[in-house]
Amino acid sequence: MDSRDKALSNENIWAPWRTEYIASITERQEGACFVCEARDSDDDAGNLVLWRGPNAIAMLNRFPYTGGHTLICPNAHVADILDVDEETSREISRMCRDMVEVLKHAVHAHGYNIGVNLGVAAGAGLPGHLHWHVVPRWQGDTNYLEALAQVRMVPISLEQLQVLITDAARELDLPWTIAELS
Ligand SMILES: [Zn+2]
């Protein structure tokens with residue numbers, strides 16, 4: 001079983017954010033940080049950015065565990081939670097809370113996982129740039145299909161999700177700079 005097969009195997013069912021290490025394969029190959037690239041780019045649609053604050057950024061995970069799997073990241077390229085200042089910590093906490101509110105409106109999940117993998121040993125796929133995962137969960141989303149076929153069902157495109165989530169964020173009047181997609 002190679003690393004990608006392992007990433008998609010049902011070992012992963014109870015640790016959804018570990019799938020992020022698929023992104024690390026890209027990172028290692030390209031030697032770049034996709035969070036910093038998204039932060040510095042104007043192409044929010046292409047980079048799957050959802051919203052920005054003074055100290056943090058929210059984006060869709062390009063390798064989602066479920067539809068609506070998002071990442072909340074400090075703007076600063078820091079690896080350790082101990083290097084995040086208090087103001088940024090508060091902003092990230094608020095963004096995680098707001099993401100759950102938006103996802104409740106946009107994708108109507110049954111539950112949510114919110115978590116951080118701190119360090120490679122803990123499963124961090126992008127160990128250089130700290131990020132919080134917000135993962136919508138549905139009853140049965142770890143169903144027989146994944147167990148047998150080692151595939152995941154994400155029944156909506158990233159582009160559709162980005163529109164749904166940014167529209168919901170605007171409706172809820174969140175205090176962030178919402179991505180303009182057109
Ligand atoms: Zn970075």
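What counts, and at which threshold
Residues numbered from 1 in each chain as written. Predicted model: local features only at pLDDT ≥ 70, side-chain atom pairs only at ≥ 80, totals over all residues. Heavy atoms only, no water. Donors = N, O, S within 2.8 Å, 3.2 Å for Na, K, Ca; no water. Tetrahedral: all angles 85-135°; square planar, octahedral: opposite > 155°, others 65-115°. Helix = DSSP H or I, 4+ residues; strand = E, 2+ residues; numbered from the N terminus. Buried < 20%, exposed > 50% of the residue type's maximum accessible area, 1.4 Å probe, protein only. Salt bridge = Lys/Arg side-chain N within 4 Å of Asp/Glu carboxyl O. Polar contact = N/O pair within 3.5 Å; in protein donor to acceptor, adjacent residues only side chain to side chain. Expected span 1.5 Å × (residues − 1). Contact = heavy atoms within 4.5 Å.

Regarding the coordination of the zinc ion
Here's step 1: For the zinc ion, every protein donor is listed as C33 (SG), C36 (SG), H77 (ND1) and H129 (ND1), and the spread of their distances is 2.0 to 2.3 Å.
Here's step 2: Its four donor atoms give the zinc ion angles of 104 to 117° at the centre, a pattern that matches the tetrahedral case.
Here's step 3: Binding-site remark: the zinc ion is held by donors from one chain whose sequence spacing is C-x2-C-x40-H-x51-H. Of the two residues, C33 sits in the loop between helix 2 (21-30) and helix 3 (34-40) while H129 sits in the loop between strand 4 (111-115) and strand 5 (132-137), which places them 96 residues apart along the sequence. For the pair C33 and H129, one class covers both residues: buried.

Examining unusual backbone geometry
Here's step 1: One non-glycine residue, L48, lies in the positive phi region at around 65°.
Here's step 2: For L48, the location among the structural elements is in the loop between helix 4 (44-47) and strand 1 (49-52).
Here's step 3: A positive phi is found at H108, a non-glycine position, where the angle reads about 50°.

Side note on the pattern of salt bridges
Where charged atoms from two side chains of opposite charge approach closely, those side chains can pair.
Here's step 1: If you walk through the whole model with that rule in mind, you get eight salt bridges.
Here's step 2: For the salt bridge of R52 with D44, the shortest nitrogen-to-oxygen distance reads 2.6 Å. Neither R52 nor D44 differs from the other in exposure class; each is buried.
Here's step 3: Residue R90 is joined to E86 by a salt bridge in which the shortest nitrogen-to-oxygen separation is 3.2 Å. Pair noted here: R90 and E86 are both in helix 5 (residues 86-106), with a separation of four residues, about one helical turn.
Here's step 4: Its relative accessible area of 59% is what places E86 among the exposed residues.

A word on the side chain of R137
Here's step 1: If you trace the backbone, R137 turns up in strand 5.
Here's step 2: A polar contact is formed between the side chain of R137 and the side chain of N113, at a distance of 2.8 Å.

Section: helix 5
Here's step 1: Along its 21 residues, helix 5 runs 30 Å from first to last C-alpha, staying within 8% of the 30 Å computed at 1.5 Å per residue.
Here's step 2: Every buried residue belonging to helix 5 is among T88, E91, I92, M95, C96, D98, M99, V100, V102, L103 and A106, and all of these are buried.
Here's step 3: Packing partners of the buried residues in helix 5 comprise strand 1, strand 2 (56-60), strand 3 (70-74), strand 4, strand 5 and helix 7 (158-171).
Here's step 4: Backbone geometry just after helix 5 places H108 at a positive phi near 50°.

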